[in-house]
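Fold and geometry: a report
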Amino acid sequence: MFKAVARIFRTPDLRRKIGFTLGIVALFRLGSFIPAPFVDFGNVQTCLVANQGTSGLYELVNLFSGGALLQLSIFALGIMPYITASIIVQLLRVVIPHFETLHKEGQAGQSKLTQYTRYLTIALGVLQSTTLITVARSGALFGTSTVAECGQLITNDAWYAILLMVITMTAGTGVIMWFGEMITERGIGNGMSLLIFTSIASTFPSSLWLIAETRGFETFLLVLGVGIAVVAAVVFVELSQRRIPVQYAKRVVGRRTYGGNNTYIPIKVNMAGVVPVIFASSLLYLPALIAQFNQPAAGETPAGWVTWINNYLVRGDHPLYMLLYFLLIVGFTYFYVAITFNPEEVADNMKKFGGFIPGIRAGRPTAEYLDYVLTRITLPGSIYLGLVALLPLIALVLVGANQNFPFGGASILIIVGVGLETVKQIDSQLQQRHYEGLLR
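Cut-off values and rules
Residues numbered from 1 in each chain as written. Predicted model: local features only at pLDDT ≥ 70, side-chain atom pairs only at ≥ 80, totals over all residues. Heavy atoms only, no water. Core = buried A, V, L, I, M, F, W, Y, C linked by side-chain atoms within 4.5 Å. Buried < 20%, exposed > 50% of the residue type's maximum accessible area, 1.4 Å probe, protein only. Pairing = 2+ DSSP bridges. Helix = DSSP H or I, 4+ residues; strand = E, 2+ residues; numbered from the N terminus. Contact = heavy atoms within 4.5 Å. Axes fitted to C-alpha atoms, helices over the stretch in contact; angles between N-to-C directions. Salt bridge = Lys/Arg side-chain N within 4 Å of Asp/Glu carboxyl O. Patch = residues over 30% accessible without salt bridge, like charges linked within 9 Å, V, L, I, M, F, W, Y side chains within 5 Å. Areas by Shrake-Rupley, 256 points an atom, 1.4 Å probe, with all protein chains shown as cover. Lys, Arg positive; Asp, Glu negative; His and termini not counted. Charge placed at Lys NZ, Arg CZ, Asp CG, Glu CD. pLDDT = per-residue confidence, 0-100. Phe/Tyr/Trp six-rings, centres within 6.5 Å; stacked < 30°, edge-to-face > 60°.

1. Some details on the nonpolar core
In this structure, I79, V234, V277, Y325 and L413 are the most contacted members of the largest nonpolar core, which totals 64 residues. With 18 residues, the next largest nonpolar core counts V39, A76, L132 and M165 among its residues.

Spelled out as C-alpha cells, the structure:
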C-alpha cells in the first residue's frame, strides 16, 4: 500500500494533477471563511457559538457548503445551486423532447446541456442568495431571536448593500462551478463531487469533537464505532451489483470477425445514488419554510396549520417525520431510477449491435426482463437509502447528537461514493504507467 502511494508521487503527471486538485480545494475552503460585504463577522461567530449546530431548515445546504452558509461567506451557497440545476436539467429530459435530443447527440449535445446548467446555476444563485439575505435580515437564520442574542448580522440594509451581497454570493457560486470544472479537466476525479466531498469532510472533526465535549468520551467512542460500521456497510452496498450476462453474435466483415464476446450489464443495488435523499429532504423542508414565514407576531396565537407543521414536520425525532422521510426516499428512488435507466433504450442498443441475454429474446422481451430485474433490485436499494438517511434522526432520539452526528444521511453516501470513484481513477492511471494499481 505504501509503495503504491509512493509511486503516485514518483509519477510526475499524476503528482501534478493531485497537487493542482489540492490547491483548488484549499482555495475553496479559504473562500468559505471570507465574509460577504456588510456582514458583521463577530456577530455571526457569536450566533454560531450560541447555537451549536445548524437549524433543521438549512442543515442540508449548510452541509454541502462546508459550514459556509451560516457564516454568510462569499461561498455561502456552496455547490448546492449547481446540484439543483443539474438535477432539474436531467429531469427536464423527460418533459422537453429537445433536451432528450441533445442528450443523444453525443459530445456536442452534452456541451449544450452543460451550458444550460451553468445559466440555471447562476439564476438559482441569485434566487437563493436573495432568500438567504432576507432570512438573515429577519433574524431567523439560526432559528432563534438572532437580533436579541447576537446583534445584527447585516450592518447595512440599503438597497445597494443588499444588491452587492447578492452579486457577491452569486459570483461565489460561479467561481465554485469554475473550480469544479477545472479539477475535472486538469486535476484528478470529478471536480464537483470532490468539492462536495471536501465540504462534508471538513465538518467531521468539529462535529466529533463537539460530541466528545457535550456528551462525554463514551458517547464519542460509540458514535465513532457506529460510523466505522456504517461506512463499511455503505461501501459493501455501493459496490454490490447484479450482473446480467450479455452475448454478442459473431459477424464476419471481409476477412475480419467482429463480436462473439461475452460481457454483462452491471445494475447497482443503489442506482439512484444520493439524489433521492436530497429530493426528500428538500420536499420536507418546504412546509417548515412556509411555516417560518407565517409565524405570528409577539402575543398572537399561531394558526392551526402552522402549529401542526411545527409539531410534526420540523422536529426530526417525531415518528411521523421519520415515516414520511423514509417513504419519500423510497418513492423518489423508484422515480429517479425510472428516468435515468431506460430498459427499452438498452434493449434497442443491444439488438442493434447483435447482443442478447441468454434465454431471452431480443427486443421487447429483453426490455421487459431488464425492467423486471430493475424493479426488484431497486426495492432493497431504496430501503437501504432510507435506513442510512434515518441514522442522524435515530441518533437524535438515542444520544441527542443529531446536530453534530456526521455519520449518516447524505454525508456518508457522498463521501463513500466520491472516495471510491477517485481511488478508481488513481488506480487506473497507475496501471497505465506502472502495470500495478493502487490496490492489489
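2. Thoughts on the pairing of strand β1 (residues 241–248)
Pairing of β1 with strand β4 (residues 262–268), which is carried by 7 bridges, proceeds in the antiparallel orientation. Each bridged residue has a counterpart across the sheet, and for R242 the counterpart in β4 is I267. As paired strands, β1 and strand β5 (residues 355–356) are joined by 2 bridges and run antiparallel to one another. Residue Y248 lies in a different strand from β5, and its bridge partner there is G355.

3. Examining the sheet that holds β5
Read from one edge of the open sheet, 3 strands run β4-β1-β5, paired in antiparallel fashion. The open sheet is flanked by β4 and β5, the only strands paired with a single partner. Packed onto the sheet, helix α17 (residues 364–389) meets β1 and β4 and runs at close to 165° relative to β1.

4. Looking at the pattern of salt bridges
Side-chain pairs of opposite charge can arise where the charged atoms are in close proximity. Summed over the entire model, instances satisfying the criterion amount to 5 salt bridges. Ionic pairing is found between D13 and R16, a salt bridge with its closest N-O pair at 3.0 Å. Of this pair, D13 and R16 both sit in helix α2 (residues 12–31), separated by 3 residues, roughly a single helical turn. In this structure, R93 engages E100 in a salt bridge whose closest nitrogen and oxygen atoms are separated by 3.4 Å. With respect to class, R93 is no different from E100; both count as buried.

5. Details of the environment of P358
Assignment of secondary structure puts P358 in the loop between β5 and α17. Considering only alpha carbons, one finds P358 and I244, 114 residues apart in sequence, at a separation of 9.4 Å. Beyond its immediate stretch of four places on either side in the chain, P358 contacts P245 and Q247.

6. Brief notes about a negative patch on the surface
Where like charges cluster on the molecular surface, the negative patch consists of E344, E345, D348 and D371. The element best represented in the negative patch is helix α16 (residues 343–352), accounting for 3 residues. In this fold, D371 is placed in helix α17.

7. Looking at the confidence of the model for the chain
Taken as a whole, the chain shows an average pLDDT of 79; of its residues, 81% reach a score of 70 or greater. Taken element by element, the chain is modelled with least confidence in helix α8 (residues 146–150), mean pLDDT 57, and with most confidence in helix α9 (residues 159–186), mean pLDDT 91.

8. Some points on the environment of L393
Note that L393 resides in helix α18 (residues 391–398). In this structure, the C-alpha to C-alpha distance between L393 and M322, residues 71 residues apart in sequence, is 7.5 Å.

9. A closer look at the packing of aromatic side chains
Using the criterion set out here, one finds 8 aromatic pairs in the structure. When the ring of F28 is compared with that of F75, the centres are 6.2 Å apart and the planes differ by 20°; the resulting orientation is stacked. With F28 in helix α2 and F75 in the loop between α4 (59–64) and α5 (80–95), this pair connects stretches of sequence that are 47 residues apart. Note on F28: relative accessible area 1%, which makes it buried. Relative to F179, the ring of W178 lies with its centre 5.8 Å away and its plane at 40°, an arrangement referred to as tilted. Looking at W178, the relative accessible area reads 46%, which means it is partly exposed. Judged by its relative accessible area of 6%, F179 falls in the buried class. Here a set of aromatic residues connected by ring pairs shows up, and it is made of F28, F75, W178 and F179.

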